[in-house]
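The residues making up each chain are set out below.
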Amino acid sequence: MKDLIKIGIPSKGRLRKDVLNIFKKNKLKLISKRGDRDLFGSVKAKKNIQIIYLHARQIIERLADKSLDMGFSGLDLLKESEINIQKNINVYKSYPYGKATLVVAIPNDFIDIFSMADLEEVAFEFKDKKKRRLRVATKYPNLTREFFYNKGVTQFSLVKSVGSTEVAPFTGSSELITDITSTGSTLAANNLRIINDGYILKSELCMMVGKSSLKNKEFQKLAKLLSTKY
Amino acid sequence: MKSKNLSENILRSVKSKGFKYIDLPSVIEANHIVQRSGENFRKFIFSFTDQEGKEICLRPDLTIVSCLRYLENNLKGKEKIFYSGQAYRKSQNKKDSIIRNQIGFEILGSKDEKNDDKEIINTSLKSLQNLKYSSGTLTIGNVEIFKLLISKLEIPARWKLRLLRHFWRDEYFNDLLKRLETNADIDPTVVEVDKKKFLDLLKQDPSTMIAGRSIGEILKRFDTKIKDPRTASKGKKVSKIIRSFLKIKCPINNAVKELNKFFKKNKINLAVDQKYFPISSNKVSKLNVMFSTSGGKLEYYTGMVFKIDIKSNSKIINCCAGGRYDGLISDLGSKKKVSAVGAAFNL
């Protein structure tokens, strides 16, 4: 269909619930013909809108390659993506949902590390003594690399994590981690604490739009509507 | 003069000074670069994986590749070598080319360091004769003098190391100086909380490992830190001294006098002599020769550093730079320290 507006919504988790709520508040009823597991959907009485349920990371990639016009995802995932992806996407609206912070966390027993400046020093000592670099487990390699370098920490290597990053320091795969946290309770439960100035990025749920989609007037109306009530 | 002819003439000049031509591989293991220059350097390299899953990259710098060659071929003793080719590096600035044509020459594994410094500068000057220019500046510095100054300042040892480690990073070094002027190191409330944990850890076996570090090493560093705090007032004074040191710039024949005057004025028990400077004349050919304390902004430089800027068609062009990097080969894995000094022409 010409002028079909394709919208990406997270397929699971807290973000999905928040987005569905935003649609509800704006009286847009989402329909999934084949039930909750259907990854395609539509909006009642809006034939020009197609809903696609995707992983939050995928939503950003699909916006960049223009197979989505609008998507809901976390700011952390957008900022972590490559520059050529980011330059094709605009953040149209930030919502007070999905608030979380990407932080640097170390084992509680590292009492000699209070700030990133301490970490910088320990990282150099570690390399000198052990002839290898301090390892940082993370799902956010790009943001971590940039933040560490800006804080003077250059002697580290990244270990890519796909889940349960908190256990990495205690299973021998890293010495510290960076991870997203909303209350810090998961970190604390796993014997980790946040470095005093180790706050990398504050994230929240955002409505993101493909830059080229903004030219469509119907699209503009919809984006505006979804920005008013939430 | 066309670039190819220019390059051939420079190569001829270098060869006439007794340097031996070597070929360097175009791709190297990315791990060498990341281990040497840090994870952040990864964003500048063009890397890919080979059929075995090993990460390799296009050479981002010819000096590192040449030092790797010395190390991997288990070479010993003095080598005078030169090479030419392209280095490939990503840049945040769109105007920068990702391909850089370089001619480099180096003296590796020699014990006559001061004379080698002179020889590298003289070879650069001879090669420069192939370029058309109206005037220019040869700026010489020495990272060793900065190290000496830092060793004499009244700040905790860990701060001295920190300043030395980041001397080459303008922006971050400036941030460090600002921090030195303002904040004290220790937050007493945090220390109180951590002291309790400190006492708990003291009861445990110091060889117990926690996330790659032993309890012993954690306790030792905590103890050193609380016993050697830095006060903001002393930091202010030290920062002022460093800032004024980094402003020293003068004709090379005044360098000894200016530096010693500076040390005396700031009551620093130090004196330098002419041996730190490979040239004492203020004019070489069409170049003014200057001394500057702020030069050498490359992580691996350890001693003498220099750069040549020439004026050609009303443009100032940095055409050649070099210095001493005695720690590079050991950083790449050599058990012994191997002296190294070299320079490169960017074409």
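Given the structure is predicted, the values throughout are model-derived calculations rather than measurements.

Rules behind the numbers
- Residues numbered from 1 in each chain as written.
- Chains lettered and ligands numbered in written order.
- Predicted model: local features only at pLDDT ≥ 70, side-chain atom pairs only at ≥ 80, totals over all residues.
- Helix = DSSP H or I, 4+ residues; strand = E, 2+ residues; numbered from the N terminus.
- Contact = placed C-beta atoms within 7 Å.
- Core = buried A, V, L, I, M, F, W, Y, C linked by C-beta atoms within 7 Å.
- Buried ≥ 20, exposed ≤ 12 C-beta atoms within 10 Å, placed from the backbone.
- Pairing = 2+ DSSP bridges.
- Axes fitted to C-alpha atoms, helices over the stretch in contact; angles between N-to-C directions.
- pLDDT = per-residue confidence, 0-100.
- Expected span 1.5 Å × (residues − 1).
- Arc of directions from axis to C-beta.

## Brief notes about the overall build of chain A
Within chain A one finds eight helices and 12 strands. Once the C-alpha set of chain A is aligned to its principal axes, its extents read approximately 65 × 35 × 30 Å. Considering only contacts in chain A between residues 6 or more positions apart, those separated by 24 or more positions represent 69%.

## Some thoughts on the nonpolar core
By size, the foremost hydrophobic cluster in this structure holds 72 residues, and its most contacted members are Ile140, Cys320 and Ala340 of chain B. Examining the composition of this core, we find that six residues originate from one element, helix α3 (residues 62-72) of chain B, more than from any other. Not counting residues within four places of it along the chain, the set of residues in contact with isoleucine 140 of chain B comprises Ile252, Phe277, Pro278, Ile279, Val289, Phe291, Met304 and Phe306 of chain B. If you look at the next biggest cluster of nonpolar residues, it comprises 34 residues, including Val103, Phe126 and Leu187 of chain A together with Ile218 of chain B.

## Considering the sheet that holds strand β4 (residues 46-54) of chain A
Residue and element names in this part refer to chain A. As summarised here, the arrangement of the seven strands in space is β2-β3-β4-β1-β5-β12-β6, forming an open sheet in which the pairing is mixed. Pairing within the sheet leaves two strands with one partner each, and these edge strands are β2 (30-31) and β6 (89-94). Pairing of strand β1 (residues 5-10) with β4 involves six bridges; the strand directions are parallel. By the bridge assignment, isoleucine 5 is partnered in β4 with isoleucine 49. Here helix α1 (residues 13-25) sits on the sheet and contacts β1, β2, β5 (70-74) and β12 (205-210); the angle it forms with β1, its principal contact strand, is near 135°. Contacts from helix α8 (residues 217-228) reach β1, β4, β5, β6 and β12, with the element oriented near 175° to β12.

## Things to note about the confidence of the model for chain B
Per-residue pLDDT for chain B averages 89, and the proportion of residues at 70 or more is 95%. The least confident element of chain B is helix α8 (residues 188-202) of chain B, whose mean pLDDT is 75; the most confident is strand β1 (residues 20-21) of chain B, at 97.

## Focus: the environment of tyrosine 301 of chain B
Residue and element names in this part refer to chain B. Looking at where tyrosine 301 falls in the secondary structure, it is placed in the loop between β12 (287-292) and β13 (304-312). Looking at tyrosine 301, the number of C-beta atoms within 10 Å reads 25, which means it is buried. Sequence spacing of tyrosine 301 and arginine 324 is 23 residues, and the spatial spacing of their C-alpha atoms is 5.6 Å.

## Notes on unusual backbone geometry
The phi angle at lysine 66 of chain A is positive, at roughly 70°, despite the residue not being glycine. Along the chain, lysine 66 of chain A turns up in the loop between α2 (56-64) and β5. Accessibility expressed as a C-beta count within 10 Å gives 13 for lysine 66 of chain A, which makes it partly exposed. The backbone phi angle of serine 285 of chain B is positive, close to 55°, even though this residue is not glycine. Inspection of the secondary structure puts serine 285 of chain B in the loop between β11 (283-284) and β12.

## What to know about α1 of chain A
Residues and elements named next belong to chain A. For α1, which comprises 13 residues, the first-to-last C-alpha distance of 19 Å matches the rise-based estimate of 18 Å (1.5 Å per residue) to within 8%. All buried positions along α1 are accounted for by Leu15, Val19, Ile22 and Phe23. Buried residues of α1, viewed axially, fall in a sector of 100°; they line one side. Exposed residues lying more than 90 degrees from the buried face of α1 are Lys17, Lys24 and Lys25.

## Remarks on the sheet that holds strand β2 (residues 27-29) of chain B
Residue and element names in this part refer to chain B. Strand order in the open sheet formed by three strands is β2-β4-β3, and the pairing between neighbours is antiparallel. The open sheet has two edge strands with one neighbour each: β2 and β3 (47-49). Between one strand axis and the next, the sheet turns by 35° as a mean value, whatever way the strands run. Sheet analysis places β3 next to strand β4 (residues 55-58), joined by three bridges and oriented antiparallel. Bridge pairing links threonine 49 to glutamate 55 in β4. Those strands touched by helix α2 (residues 30-37) are β2, β3 and β4, and its axis lies near 80° from that of β4.

## Here we look at the environment of phenylalanine 222 of chain B
For phenylalanine 222 of chain B, the position within the fold is in helix α9 (residues 215-227). Given 22 C-beta atoms within 10 Å, phenylalanine 222 of chain B falls into the buried group. Measuring from C-alpha to C-alpha, the distance between phenylalanine 222 of chain B and lysine 195 of chain B comes to 9.2 Å, with 27 residues separating the pair along the chain. Among all residues touching phenylalanine 222 of chain B, those that are not within four sequence positions of it are Ile111 and Asp112 of chain A together with Asp194 and Phe198 of chain B.

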